[in-house]
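Take a look at the letters that make up each chain.
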Amino acid sequence: MFPVAPEGRLFVIGTAWLAVITLLFGYTEMGFFLVTLAIALLLLFRDFVRRLPPTALGLVAPADGVVQSVEEARDPFSGKPAQRIVIHQRALGEYNLHAPQEATVTQRYWPGKGTDEEADPQLAGHLAFAFETDEEQAFSLALDLRRWPRFVRVGAITGNRFGRGKRLGLAGFGLNVSLWVPDSTRVSAHPGQRVLAGSDLLGSLTSAREDGLQAARS
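Computed from a predicted structure; not experimentally measured.

S.K.: Got a sec to walk through helix α2 (residues 28-44)? Specific residues and values, please.
M.R.: Every α-helix carries 3.6 residues per turn, so stepping three or four residues along brings you back to the same face. Compared with the 24 Å implied by 1.5 Å per residue over 17 residues, the 24 Å span of α2 between its first and last C-alpha is a close match. Of the surrounding secondary structure, the elements contacted by the buried residues of α2 are α1 (6-24).

Put into structure tokens, the structure is as follows:
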């Protein structure tokens, strides 16, 4: 069957059934309109399998789109020096969100929900997650919710563990997705680069041994 994201199946199936019923009752014009709508929803909520690159410490793109910027920053959760990669989603999707690296969710921030703590200014209007790998490498991921229309269904909560490239949920449409990675990360992404979620590399984390050598040299 055509791969459809779980968040969109109800919309697709419901519209398809309405189309069938409408056509059976002889409402041809409305029926064909609903058929067209069902096909459009099918394409909108598509979720094709992505081929994961073999690089163990590689950071894969969390969203389909174009890299807008790569800049020095501070991680909004830890406050440590970081590199921030901003990806603007493709207007016509896919809108599936993928984990950049195998890691556990350590914190979650959703404006006005579940917390009274004042967040880092970088997270204003964002749904954000802090992750930590087995090697205690921390990175953060945020979705800009200030753009309309939007449809965000990300069920990741604190304690959830995701494999590299695994699906986190669905976030659309045409959002900016920000990824903060440790300052020592070898970032290969550059502005203007087109990337596919769960497939294309943005760079690679350094190992604990490499971090130790860098610390000794400094």
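Now that the structure has been shown, we can carry on.
S.K.: How would you summarise the sheet that holds strand β8 (residues 151-154) if you had to cite specific residues and measurements?
M.R.: The strand order across the open sheet formed by 3 strands is β4-β10-β8, and the pairing between neighbours is antiparallel. Each end of this open sheet is capped by a strand with a single partner; those strands are β4 (96-98) and β8. The average angle at which neighbouring strand axes cross in this sheet is 25°, direction not considered. Packed on one face of the sheet, α1 meets β8 and β10 (167-172) and runs near 55° to β10.

S.K.: Tell me what's going on with the nonpolar core, and back it up with residues and numbers.
M.R.: With 32 residues, the main nonpolar core has Phe131, Leu143 and Val154 as its most contacted residues. Of all the elements in the fold, those that place two or more residues in this core are β3 (81-89), β5 (103-109), β6 (126-132), β7 (138-144), β8, β10 and β11 (176-182). Contact partners of phenylalanine 131, with chain neighbours within four places excluded, come to Ala103, Thr104, Val105, Thr106, Gln137, Ala138, Phe139, Leu141, Phe162 and Leu168. The next biggest cluster of nonpolar side chains, apart from the first, holds 8 residues, and it includes Val4, Ala5, Val12 and Phe151.

S.K.: Which residues make up the pattern of salt bridges, and what values do they have?
M.R.: By the definition in use, this model includes 9 salt bridges. Close ionic contact of aspartate 47 with arginine 167 constitutes a salt bridge, the shortest N to O distance being 3.5 Å. With a gap of 120 residues between them, aspartate 47 in the loop between α2 and β1 (58-60) and arginine 167 in strand β10 connect regions that are remote in the sequence. When its relative accessible area of 18% is taken as the criterion, aspartate 47 is described as buried. Each of Arg50, Asp64, Arg90 and Glu94 takes part in one network of salt bridges that share partners.

S.K.: I'd like a rundown of α1, residues and numbers included.
M.R.: Counted at 1.5 Å a residue, the expected span for α1 with its 19 residues is 27 Å, and the 28 Å between its end C-alpha atoms agrees. What α1 keeps buried is the set Gly8, Val12, Thr15, Ala19 and Thr22. The arc that holds every buried residue of α1, seen down its axis, measures 100°, which confines them to one face. The exposed residues of α1 that point more than 90 degrees off its buried face are Leu10, Trp17 and Leu24.

S.K.: Break down the pairing of strand β2 (residues 65-74) for me, with residues and values.
M.R.: Note that β2 and β3 share 9 bridges and pair antiparallel. Paired with valine 66 across the two strands is histidine 88, which belongs to β3. Taken together, β2 and the strand that follows it, β3, pair antiparallel across an intervening segment of 6 residues, in which glycine 79 is found at a positive phi of about 80°. Two elements, β2 and strand β13 (residues 194-195), share 2 bridges in a ladder whose sense is antiparallel. Bridge pairing in β13 places valine 66 opposite arginine 194.

S.K.: I'd like to hear about the layout of surface pockets, residue by residue, with values.
M.R.: A probe matching the size of a water molecule, rolled over the atoms, marks out where space remains unfilled. Considered as a void within the structure, the second largest pocket measures approximately 260 Å³ in volume. For the lining of the second largest pocket, the elements supplying multiple residues, two or more each, are β3 and β11. Residues belonging to the lining of the second largest pocket are distributed by class as follows: 5 nonpolar, 3 polar and 6 charged.

S.K.: Can you explain a nonpolar patch on the surface? Please cite residues and give values.
M.R.: There is a patch of nonpolar side chains on the surface, built from Ile13, Trp17, Val20, Ile21, Leu24, Phe25, Tyr27, Met30, Phe33 and Leu37 and spanning about 1,100 Å² of accessible area. Contributions of two or more residues to the nonpolar patch are made by α1 and α2. Examining the composition of the nonpolar patch, we find that 5 residues originate from one element, α1, more than from any other. With respect to the helices, strands and loops of the structure, valine 20 is situated in helix α1. On the basis of relative accessible area, valine 20 is assigned to the partly exposed category, the value being 41%.

Thresholds applied
Residues numbered from 1 in each chain as written. Predicted model: local features only at pLDDT ≥ 70, side-chain atom pairs only at ≥ 80, totals over all residues. Heavy atoms only, no water. Helix = DSSP H or I, 4+ residues; strand = E, 2+ residues; numbered from the N terminus. Expected span 1.5 Å × (residues − 1). Contact = heavy atoms within 4.5 Å. Pairing = 2+ DSSP bridges. Axes fitted to C-alpha atoms, helices over the stretch in contact; angles between N-to-C directions. Core = buried A, V, L, I, M, F, W, Y, C linked by side-chain atoms within 4.5 Å. Buried < 20%, exposed > 50% of the residue type's maximum accessible area, 1.4 Å probe, protein only. Salt bridge = Lys/Arg side-chain N within 4 Å of Asp/Glu carboxyl O. Arc of directions from axis to C-beta. 1 Å grid on protein atoms, 1.4 Å probe; cavity = no way out; pocket = protein on both sides within 12 Å on 5 of 7 lines; lining within 4 Å. Points joined across faces, edges and corners; volume = space filled by probe spheres on them. Nonpolar A, V, L, I, M, F, W, Y, C, P; charged D, E, K, R; others polar. Patch = residues over 30% accessible without salt bridge, like charges linked within 9 Å, V, L, I, M, F, W, Y side chains within 5 Å. Areas by Shrake-Rupley, 256 points an atom, 1.4 Å probe, with all protein chains shown as cover.

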